[in-house]
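# Structural overview for review
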Amino acid sequence: MILVGNSSSGAVITGVADRAGERIAELVYLDAFVPVDGQSLFDIIPPDRRPAMEALVAEEGDGWLLSRFSAMPWEQFAPTSWQVTDEGDLAWALERLSPTPFRHFTDAIHLHTTDADAHRVYVRCRGWPHPGFDRYAERAASDPAGELRELETSHLPYITDPEKLAELLVDLAG
Amino acid sequence: MATYVLVHGAWSGAHGFRHVRRLLQHAGHEVFTPSLTGIGERVHLVSPQVDLSTHIHDVVNTVLYEDFDPIVLLGYSYGGAVVTGTLRHIAGRVRELVYLDAFVPQDGDTVWGLAGRGGEPVIELGDEWLVPPMPREYDDPTEGAWQQARRVAHPVRCFTEPVRLEKPLEDHAFGLTYIKATNDPGEPPDSAFWQAGRHAKSSTRWTYHEIATNHMILSNRPNELAEVLLALA
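Scoring rules and cut-offs
- Residues numbered from 1 in each chain as written.
- Chains lettered and ligands numbered in written order.
- Predicted model: local features only at pLDDT ≥ 70, side-chain atom pairs only at ≥ 80, totals over all residues.
- Heavy atoms only, no water.
- Helix = DSSP H or I, 4+ residues; strand = E, 2+ residues; numbered from the N terminus.
- Contact = heavy atoms within 4.5 Å.
- Salt bridge = Lys/Arg side-chain N within 4 Å of Asp/Glu carboxyl O.
- Buried < 20%, exposed > 50% of the residue type's maximum accessible area, 1.4 Å probe, protein only.
- Axes fitted to C-alpha atoms, helices over the stretch in contact; angles between N-to-C directions.
- Parallel < 35°, antiparallel > 145°, perpendicular 65-115°, else oblique.
- Left-handed = near helix turned anticlockwise from the far one by under 90°.

### Here's the deal with the environment of A:V4
All names here are of chain A. Secondary-structure assignment places V4 in strand β1 (residues 2-7). Separated by 94 residues in the primary sequence, V4 and S98 place their C-alpha atoms 21 Å from one another. Once residues within four sequence positions are removed from consideration, V4 is found in contact with I13, V28, L30 and L169.

### Notes on the pattern of salt bridges
Overall, the coordinates contain 19 salt bridges over all chains when judged by the stated rule. In this structure, B:R157 engages B:D51 in a salt bridge whose closest nitrogen and oxygen atoms are separated by 3.5 Å. Separated by 106 residues along the polypeptide, B:R157 in helix α6 (residues 157-160) and B:D51 in the loop between β2 (30-32) and α2 (52-66) bring together distant segments of the chain. You can call B:R157 partly exposed: its relative accessible area is 39%. In this structure B:D51 comes out as buried when scored by relative accessible area, which is 12%. A salt bridge links B:E166 to B:R88; the shortest N-O distance between them is 3.1 Å. Residue B:E166 is located in the loop between α6 and β7 (175-181), and its partner B:R88 is located in helix α3 (residues 79-90); the two are separated by 78 residues in the primary sequence. You can call B:E166 exposed: its relative accessible area is 60%. Given the relative accessible area of 34%, B:R88 is considered partly exposed. What you see here is one network of salt bridges that share partners, running through A:D31, A:R124, A:R126, A:D134 and A:E150.

### Quick notes on the packing of α2(B) against α3(B)
Residues and elements named next belong to chain B. Orientation of α2 relative to α3, taken along the N-to-C sense of each, is 55°, at an axis distance of 9 Å. Put simply, α2 runs oblique to α3. For α2 against α3, the interelement crossing comes out right-handed. Counting all contacts with α2, which are made through L52, H55, I56, V59, V60, V63 and L64, the residues of α3 involved are A81, V82, G85, T86, H89 and I90.

### A word on unusual backbone geometry
Of note, the bond from B:D69 into B:P70 is cis; its omega dihedral lies within 30 degrees of zero at 0°. Unusually for a residue other than glycine, A:D31 sits at a positive phi of about 45°. Among the secondary structure elements, A:D31 is positioned in strand β2 (residues 26-32). A positive phi angle, near 55°, is found at A:D62, a position not held by glycine. By the secondary structure assignment, A:D62 is in the loop between α3 (50-60) and β3 (65-66). Given the relative accessible area of 72%, A:D62 is considered exposed.

Have a look at this one:
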């Protein structure tokens, strides 16, 4: 199968590949984090974004729940940073965004296998500035066992540019 | 193109629909098989707090989050109680309601009540909250082994919680279909499924079909079942 993870789900698919890698033909990091053993998402989120998240958890989340990604409300964040500008898409997304347990970000991943069976693909969405993702992209480009693809889209192409994303995924299926 | 939402039975999971799902998808339709919390692929979330309302919530949320409208909604076996319970939340989105060898509860019925195991149980010392799977027979041994490996215990409150139905099924706008498995040697002639089937057969409001196999229709006769479902598209 082809396993795709976007953004923080890069941690999820890394863990799944660690447990069930023999079933995965393509492991696709779609503008995603690629944690190594022992890292949490919080460890690899850009340092300047961390204090705002911690403040939200403390002030609005009873110490355990992260209500949103930044101090900016979703109504502003989604159409600007995430470029969800279509009115219909924005309304749809805003109805469905929900607080996430902070442990999703602070739990460290523990990996047991050292062999990477699956073919790893990094898809960098150039519409989302992110130095960490740029480094993952560079690494994928120079890794003989990996592959770099690029999309001129927002961080959430399945919302803003589904046809472009579908074209890429169909191409990866070969 | 139609949207099918298929709700599975006790001790099983979304994977039970694997044959039928592919047939419907090959015919060009959208198929969702919501996973019920605590069983099947969600077995790792099982707890005594998982009840019929949890499963109703699982299905309703799938329909709302995906914003499906209209749907062909199917409940298989225990799933009949689940889909009945969804109606007070999403009846307006249902174009066709299908009961596949399923419980068809009225307001206030429980699955165990319909199955002849009495009303809501009285609390006793040493109550068990997990109900082990009933043994089942499959035509094909390989299919049987595959399904058997995935059968898990089912939280008891799913069977003892009353269903809430605000108006009789026949008073809704959607089409009603009952599909009866007619060749299950272990099934008594007055079972809840036969009672529901006979009611449907004699009603002008219902469409009634028969499939000559035992209760494991999804495994034994997926093509026949898909044919009935595709006619509802």
